[in-house]
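The chain contents come next:
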Amino acid sequence: MAPEILVSEVGPRDGLQSIKSILPTPAKKAWIAAEAAAGVREIEVGSFVPAKVLPQLADTAEIVAFAKTIPGLTVAVLVPNLRGAEAAIAAGADKLTLPLSVSETHSLANLRRTHAQVIEEARAIAALIAEQPEDRRPHFEGSLSTVFGCTLEGAIPLPQILGLAEQLMAAGCDEVGLSDTTGYADPRAVKDMVRAVRGAVGDEALTGIHLHNTRGLGLANVLAALEMGLDTVDSSLGGIGGCPFAPGASGNIVTEDLVFMLQAMGLKTGIDLAKLLEVRKIVAEALPDEPLYGFTPDAGLPLGFVPESHAPSMESAA
Ligand code: ZN
């Protein structure tokens, strides 16, 4: 099991894009700054999609520019295509994630693109990145979404998934990620998928996973991923966004609960859990009509819980 885990906060992107309310730009900045101050080292701050598609994320360029002023923070964004990547690079993002739905039906319905077209976008984005000065090249991930099953097609044949992972790497991605967009994963499926995809693209090309808690298996799936050696886990503060198909369920895994589990297991996260729990207030105040999820924030920390100790050098390290 990996001794140090990177918790990648995706609430400002995945969470906010799933709700109707628009979080005002100053509140977004306060959220990101406070979470970085609590020791979160990577935050997906937005998505470069047209503002008319996702008005909640229309301020992404401004948010990236702001987040870039926070020392040591990896500023990640989602990009649906080359045009989004151009905007992301111009804004100075450190990491770009291009989603590729392994279900072609889902890909056509959501991105209006075939697999071949998405792979072509990946190739163009990789070429654009290669043109940048060496110190300004963002990390580039191709995310295999609906990889544990699709609401339109059900299970996707494994050879198709592995072929797409290989094509993303051949197109110039630095790594691929697994994304349980639909909340279909279970711990055994996670282990099988990690093993199969790593078998196709190599261990170094798969380090992270994006899980949803739609059916309550989010943290169990995290544990399965950790046992397979993955060390990067996406989560969302307060599980914001919820799940439209499962009322009462958080959308992404709740960051607070994830960090509690990792620290209770003695794994290093670099995060100050008490400070992280405080960040919730910023979001709750700015989005009074949105439910926040999570058990640890309500229950509090167990008596005698020993929080992770923090060397100051760790929080400021890049
Ligand atoms: Zn998601």
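Rules behind the numbers
Residues numbered from 1 in each chain as written. Predicted model: local features only at pLDDT ≥ 70, side-chain atom pairs only at ≥ 80, totals over all residues. Heavy atoms only, no water. Helix = DSSP H or I, 4+ residues; strand = E, 2+ residues; numbered from the N terminus. Buried < 20%, exposed > 50% of the residue type's maximum accessible area, 1.4 Å probe, protein only. Contact = heavy atoms within 4.5 Å. Areas by Shrake-Rupley, 256 points an atom, 1.4 Å probe, with all protein chains shown as cover. Lys, Arg positive; Asp, Glu negative; His and termini not counted. Charge placed at Lys NZ, Arg CZ, Asp CG, Glu CD. Salt bridge = Lys/Arg side-chain N within 4 Å of Asp/Glu carboxyl O. Donors = N, O, S within 2.8 Å, 3.2 Å for Na, K, Ca; no water. Pairing = 2+ DSSP bridges. Axes fitted to C-alpha atoms, helices over the stretch in contact; angles between N-to-C directions. Core = buried A, V, L, I, M, F, W, Y, C linked by side-chain atoms within 4.5 Å. Parallel < 35°, antiparallel > 145°, perpendicular 65-115°, else oblique. Left-handed = near helix turned anticlockwise from the far one by under 90°. Nonpolar A, V, L, I, M, F, W, Y, C, P; charged D, E, K, R; others polar. pLDDT = per-residue confidence, 0-100. Expected span 1.5 Å × (residues − 1). Polar contact = N/O pair within 3.5 Å; in protein donor to acceptor, adjacent residues only side chain to side chain. Phe/Tyr/Trp six-rings, centres within 6.5 Å; stacked < 30°, edge-to-face > 60°.

S.K.: Residues and numbers for the overall build of the protein chain, please.
M.R.: Scanning the protein chain from N- to C-terminus turns up 13 helices and eight strands. Along the longest, intermediate and shortest principal axes, the C-alpha atoms of the protein chain span 55 × 40 × 40 Å. Within the protein chain, buried positions represent 55% of all 318 residues. At a minimum sequence separation of 6, the contacts of the protein chain that also span at least 24 residues come to 74%. Taken as a whole, the protein chain presents about 13,200 Å² of accessible surface, with 56% of it coming from carbon and sulfur. Once the 23 positive and 39 negative side-chain charges of the protein chain are each reduced to a mean point, those two points are 3 Å apart.

S.K.: How would you summarise the pattern of salt bridges if you had to cite specific residues and measurements?
M.R.: For the structure shown, the criterion picks out 14 salt bridges. A salt bridge links Glu121 to Arg113, with the nearest nitrogen and oxygen atoms 3.5 Å apart. Through salt bridges with shared partners, one network takes in Arg13, Asp14 and Glu44.

S.K.: Describe in detail the coordination of the zinc ion, supporting the description with residues and values.
M.R.: Under ideal tetrahedral coordination, the four donors around a metal are separated by 109.5 degrees; under ideal octahedral coordination, the six donors are separated by 90 or 180 degrees. Around the zinc ion, the protein supplies Asp14 (OD), His210 (NE2) and His212 (NE2) as donor atoms, at distances of 1.9 to 2.1 Å. Mapped onto the polypeptide sequence, the residues donating to the zinc ion form the spacing pattern D-x195-H-x1-H. Placement of the pair is Asp14 in helix α1 (residues 11-17) and His210 in strand β7 (residues 206-210), with a sequence separation of 196 residues. Here the two residues Asp14 and His210 agree in accessibility, since each one is buried.

S.K.: An account of the sheet that holds strand β3 (residues 74-78) is needed here, citing residue identities and associated values.
M.R.: Strand order in the closed barrel formed by eight strands is β1-β2-β3-β4-β5-β6-β7-β8, with parallel pairing between adjacent strands. Shown here is a sheet whose adjacent strand axes are inclined to one another by a mean of 25 degrees, direction ignored. Note that strand β1 (residues 6-9) and strand β2 (residues 42-47) share two bridges and pair parallel. Across the sheet, Ser8 pairs through a bridge with Glu42, a residue of β2.

S.K.: So what's going on with the nonpolar core? Which residues, and what values?
M.R.: Core analysis: the largest hydrophobic core is formed by 85 residues, its most contacted members being Leu96, Leu144, Leu178 and Val197. The dominant element in this core, judged by the number of residues it contributes, is helix α6 (residues 115-131), at seven residues. Among residues more than four places away in sequence, those in contact with Val197 are Leu144, Ile161, Leu162, Ala165, Val176, Leu178, Gly202 and Leu206.

S.K.: So what about the packing of helix α4 (residues 82-91) against α6? Which residues, and what values?
M.R.: Running from N to C, α4 and α6 cross one another at 25 degrees; their axes reach a closest spacing of 9 Å. Comparing the axis directions of α4 and α6 gives the class roughly parallel. Where α4 crosses over α6, the two elements pack in a sense that is right-handed. Here α4 contributes Leu82, Ala85, Glu86 and Ile89 to the contact with α6, which in turn contributes Glu121, Ala124, Ile125, Leu128 and Ile129. Each residue belonging to the contact of α4 with α6 can be placed in one class, and the counts come to seven nonpolar, no polar and two charged.

S.K.: Residue-level account of the confidence of the model for the protein chain, with values.
M.R.: Across the protein chain, pLDDT averages 93, with 96% of residues at or above 70. For the stretch residues 311-318, pLDDT sits under 50, and the model shows eleven contacts to residues farther than four places along the chain or on other chains.

S.K.: Can you break down helix α8 (residues 187-201) residue by residue, with the values?
M.R.: Counting along an α-helix, one turn takes 3.6 residues, and residues three or four places apart therefore face a common direction. Over its 15 residues, α8 runs 21 Å from end to end, which matches the ideal 21 Å to within 8%, given 1.5 Å per residue. Along α8, the positions that sit buried rather than exposed are Val190, Met193, Val194, Ala196, Val197 and Arg198. Buried residues along α8 sit in contact with β5 (139-145), α7 (158-171), β6 (175-179), β7 and α9 (218-227). A side-chain oxygen of the first residue of α8 lies 2.9 Å from the backbone nitrogen of Arg188; this N-cap is Asp186. The first or second residue beyond α8 is Gly202, which carries a positive phi of 100 degrees.

S.K.: Please set out the side chain of Arg198 residue by residue, giving values where relevant.
M.R.: Note that Arg198 resides in helix α8. For Arg198, which is buried and forms no salt bridge, the nearest opposite charge comes from Asp203, at a distance of 4.1 Å. Once residues within four sequence positions are removed from consideration, Arg198 is found in contact with Asp203, Leu206, Thr207, Met228, Gly229 and Leu230.

S.K.: Before we move on, could you go through the packing of aromatic side chains and cite the residues and values that matter?
M.R.: Taken as a whole, this structure holds one aromatic pair when the rule is applied. Plain terms: the ring middles of Phe260 and Phe305 are 5.2 Å apart, the flat faces sit at 40 degrees to each other, and that makes the pair tilted. In this pair, Phe260 sits in helix α10 (residues 255-264) while Phe305 sits in the loop between α12 (296-299) and α13 (312-316), placing the two residues 45 residues apart along the sequence. Using a relative accessible area of 22% as the deciding quantity, one classes Phe260 as partly exposed. Exposure remark for Phe305: the relative accessible area of 18% places this residue in the buried category.

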